[in-house]
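Residue-level structural notes
Each chain, written out:
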Amino acid sequence: QFVPDVLAAIDFAGGPGIDDLLQAIAILARLHATRARKVPDGAPDSFVPARWAGYLEKASKDGNVVAYRHYWELCVLMALRDGLRSGDVHVPGSRRYADPASFLLTPRQWEPQRLEYCHLVGKPATAADALALANDELHAALSDLEAQLARGGGKGEVRLGPDGELIIPPLTAEDVPAEAEALRDELAAMLPRVPIASVLVEIDARTGFTDRLAHAGGMATRPPDLRRNLLYVIIAEATNMGLSAMSESCGVPYDTLAWTAEWYFSEESLEAANAAIVNYHHRLPMTQAFGTGTLSSSDGQKFPVKGKSLTAAHLSRYFARGHGVSTYTHVSDQHATFDTKVISSTSPESPYVLDGILGNQTDLIVTEHATDTHGATLANFALFDLVGLQLSPRIRDLGKITLHRTGPRSDFAARYPASGHLLTRRLNEDLITEMWDDLLRVAASVKGGHATGALVVGKLCSSRRQQNALASAIKEYGALRRTVYAARYLVDETYRRRIGRQLNKGENVHSLKRMLAYAGEGAIRRPHHEQQAEQMWCLTLATNAVVTWTTEYNGLAVTALRRSGRDIDDAVLAHIWPTHHENIHFYGTHSVDVAGELAKLGSDGYRPLRNAVAQNG
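Residues numbered from 1 in each chain as written. Predicted model: local features only at pLDDT ≥ 70, side-chain atom pairs only at ≥ 80, totals over all residues. Heavy atoms only, no water.

Helix and strand counts for the protein come out as 25 helices and 13 strands. By principal-axis analysis of the C-alpha atoms, the protein measures approximately 85 × 75 × 55 Å. Per-residue burial over the protein gives 50% buried out of 617 residues. Of the contacts formed within the protein by residues at least 6 apart in sequence, a portion of 72% connects residues at least 24 apart. Carbon together with sulfur atoms contributes 52% to the accessible area of the protein, which is approximately 30300 Å² in total. (Helix = DSSP H or I, 4+ residues; strand = E, 2+ residues; numbered from the N terminus. Buried < 20%, exposed > 50% of the residue type's maximum accessible area, 1.4 Å probe, protein only. Contact = heavy atoms within 4.5 Å. Areas by Shrake-Rupley, 256 points an atom, 1.4 Å probe, with all protein chains shown as cover.)

Our next topic: the side chain of His-90. Relative to the assigned elements, His-90 resides in strand β2 (residues 89-90). Here His-90 falls in the buried class, since its relative accessible area comes to 12%. With sequence-adjacent residues up to four places away left out, His-90 is seen in contact with Asp-11, Phe-12, Ala-13, Gly-14, Gly-15, Tyr-97, Ala-98 and Asp-99.

Once that is clear, we can look at the pairing of strand β6 (residues 295-305). Among the eleven residues of β6, ten are classified as buried, and the element is accordingly described as predominantly covered. The sheet contact formed by β6 and strand β9 (residues 368-370) spans three bridges and is parallel. The residue of β9 that forms the bridge with Leu-295 is Glu-368. In this structure, β6 lies alongside strand β7 (residues 323-332), joined through ten bridges in antiparallel fashion. Residue pairing across strands places Lys-302 opposite Ser-326, the latter belonging to β7. (Pairing = 2+ DSSP bridges.)

This brings us to the packing of aromatic side chains. Inspection of the entire model under this criterion finds 13 aromatic pairs. Geometrically, the ring pair formed by Phe-381 and Tyr-485 is tilted, given 5.7 Å between the ring centres and 45° between the ring planes. Placement of the pair is Phe-381 in helix α16 (residues 378-386) and Tyr-485 in helix α20 (residues 469-491), with a sequence separation of 104 residues. Relative accessible area serves as the criterion here: at 3%, Phe-381 is assigned to the buried category. Centre to centre, the rings of Phe-412 and Tyr-416 are 6.1 Å apart; their planes meet at 45°, and the pair counts as tilted. Three or more aromatic residues link up through ring pairs in this structure, and these residues are Phe-381, Tyr-485, Tyr-489 and Tyr-495. (Phe/Tyr/Trp six-rings, centres within 6.5 Å; stacked < 30°, edge-to-face > 60°.)

As a further point, take the sheet that holds β7. Sheet strands pair via backbone hydrogen bonds, and the direction of the pair is either parallel or antiparallel. Here we have five strands laid out as an open sheet, ordered β8-β7-β6-β9-β10, and mixed in their pairing. A single partner strand is all that each edge strand has here, and the edge strands are β8 (337-344) and β10 (390-391).

Moving on, we get to the environment of Ala-312. Among the structural elements, Ala-312 can be located in the loop between β6 and α14 (316-319). For Ala-312, a relative accessible area of 15% gives the class buried. Each C-alpha atom of the pair Ala-312 and His-323 lies 5.8 Å from the other, and the pair is eleven residues apart in sequence. Discounting chain neighbours no more than four positions away, the residues touching Ala-312 are Val-305, His-323, Gly-324 and Val-325.

For side chains of opposite charge, pairing can occur when their charged atoms come near one another. Inspection of every chain in the model, using the stated rule, returns 24 salt bridges. Residue Asp-225 is joined to Arg-228 by a salt bridge in which the shortest nitrogen-to-oxygen separation is 3.9 Å. A relative accessible area of 38% places Arg-228 in the partly exposed class. Put simply, Asp-438 and Arg-441 hold a salt bridge, and the shortest N to O gap is 3.2 Å. Of this pair, Asp-438 and Arg-441 both sit in helix α18 (residues 429-447), three residues apart, roughly one helical turn. By relative accessible area, which is 12% here, Arg-441 ends up buried. It is possible to trace a salt-bridge network through shared partners that takes in Lys-123, Glu-137, Asp-385, Arg-481 and Arg-488. (Salt bridge = Lys/Arg side-chain N within 4 Å of Asp/Glu carboxyl O.)

With that settled, the discussion passes to the pairing of β7. Burial runs high along β7: nine of the ten residues are buried. When β7 meets β8, the two strands line up antiparallel, connected through seven bridges. Its bridge partner being in β8, Thr-327 is matched across the sheet by Val-342. Turn length for the β7-β8 hairpin, with the two strands adjacent in sequence and antiparallel, is four residues, and the turn residue His-335 shows positive phi of about 75°.

Judged by nonpolar contacts, the single largest core of 79 residues is most densely connected at Tyr-117, Leu-142, Trp-436, Leu-439, Ile-474 and Tyr-477. Examining the composition of this core, we find that twelve residues originate from one element, α20, more than from any other. Here Tyr-117 is in contact with Trp-110, Leu-386, Val-387, Leu-440, Ala-443, Ala-444 and Lys-447, once residues within four sequence places are set aside. Counting residues in each nonpolar core, the second largest holds 63 residues, with Ala-180, Leu-257, Leu-516 and Ile-576 among its members. (Core = buried A, V, L, I, M, F, W, Y, C linked by side-chain atoms within 4.5 Å.)

With that out of the way, let us pick up helix α8 (residues 196-207). Between its terminal C-alpha atoms α8 stretches 16 Å, which fits the 16 Å expected from twelve residues at 1.5 Å a residue. Listing the buried residues of α8 in full gives Ile-196, Val-199, Leu-200, Glu-202, Ile-203, Asp-204 and Thr-207. For α8, the secondary structure elements touched by its buried residues are β5 (194-195), α9 (226-238), α12 (267-283), α21 (493-516), α22 (529-563) and β13 (584-585). (Expected span 1.5 Å × (residues − 1).)

Written out as structure tokens, the structure is:
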């Protein structure tokens, strides 16, 4: 009942290589329109996966017209679904399913800014120069790896096993000195103990982040109690209490809080408020001990959802029999969260890795980014390099991935006896050369905001068309960049620890968020994506306020200790992470008035019911 209406109402188009699918869609639409049951002879089926082809062959051989129709129709619809997801099939006039190429710079727009863009990101304008430069990087990294593998590798170093396989010993991200642990406990004893509301009031007084929460209608006049109400809403959303529970807790009418949330809270305004806190935190003296703000990491965090929600999906690993969403956050090496996105829990996270950095509205200048294996796709390696950034993931089973060489196997085996055999596939340099200008054009489109990284990674690079040379070239160049990175990563133990340390910072921020969003068993009850995004931005804002407050007061405590004659090394301060929140109370305050509460009871010893009908009954 659903398919005929869709095929009759929507026109589908596509590029080269899917003519058979478009023809099959048209045939299927006619079958439904005419109520015919038999698929015409010669109907295309080249799009049918090999694992399903047997069903069609058997139904055709047995002469079962009905079965053949059902199997063939299902194959057409599955291929249409996959084509819409990858962008191979597009819908003219649609925003979500438009032709991915329409979001890129046109060749005419690209030509005048080509040389300027190459200069901006430090990439050669010609493929020959780019490949020569990458080849030099690869050989330099392989020379270091060869020397390490040849000497057998020391403790903690990468080495070859008996069968020539790579053995990569696990490394701890950092060794926390006892001095740092003792100092952390000492600082915690010096810091004041305050509730979360006091933290937000104090940070707002220094940053003015609530001033960034502008009225959606442009109203300039701000009521006297607006700042207080804004903070109440932030706490209600961050702790997952909800506005009703917050109204009962704070005494402000629900209608007032709901009006405040409706008119002053949006993704844009909350992102601007969050940027004010991150920028202030970036300027604090103690923040510099954590990092320079040029390294970041991203990871997803799952939240269960109660009730019906279009964005929630079932994922038994995280939600048992329930469903939920994922928040994808970017965290700097200074422990500040500068981007948050709500995505489906079943959606791949890799398309969103680059968007958080290019869309960064804070003063942080990120040049290197770490992820887990989810972000280590070939498309991400290529795009990061082409926009002038470095992708530094921690790849699971790194010794088993395919590494590429830029020449014959015999040449690499002779030059690198110990490591040459690890590069099992030869790079298609001709494809990169042919598509180099288009690769730069795609990267410029992403960096300039004409297209998002999610669009390029999620659609262009997930295409299954053999004719999609652009997607193939992106992956081929990404394979080269991944090989260079892997060789460097395997050699440098310090580098490996640095990446692991940064990923741990992101995990600690996630733990802090989990502690903050304690109400309702941490399950989100907002049904719509926009509401969920606003709630997650409130949680991010509150988390950054805690990080900023803790950083600032730790800095004051360290200054006091140094004035008293204590010698505290900045290297020790790097281990005093501001995500430790023992001094901040998240759960509100309670007041017990025994006599006052008993006085509220009636003569029968109970409180009067609120429902007059129930009382009369």
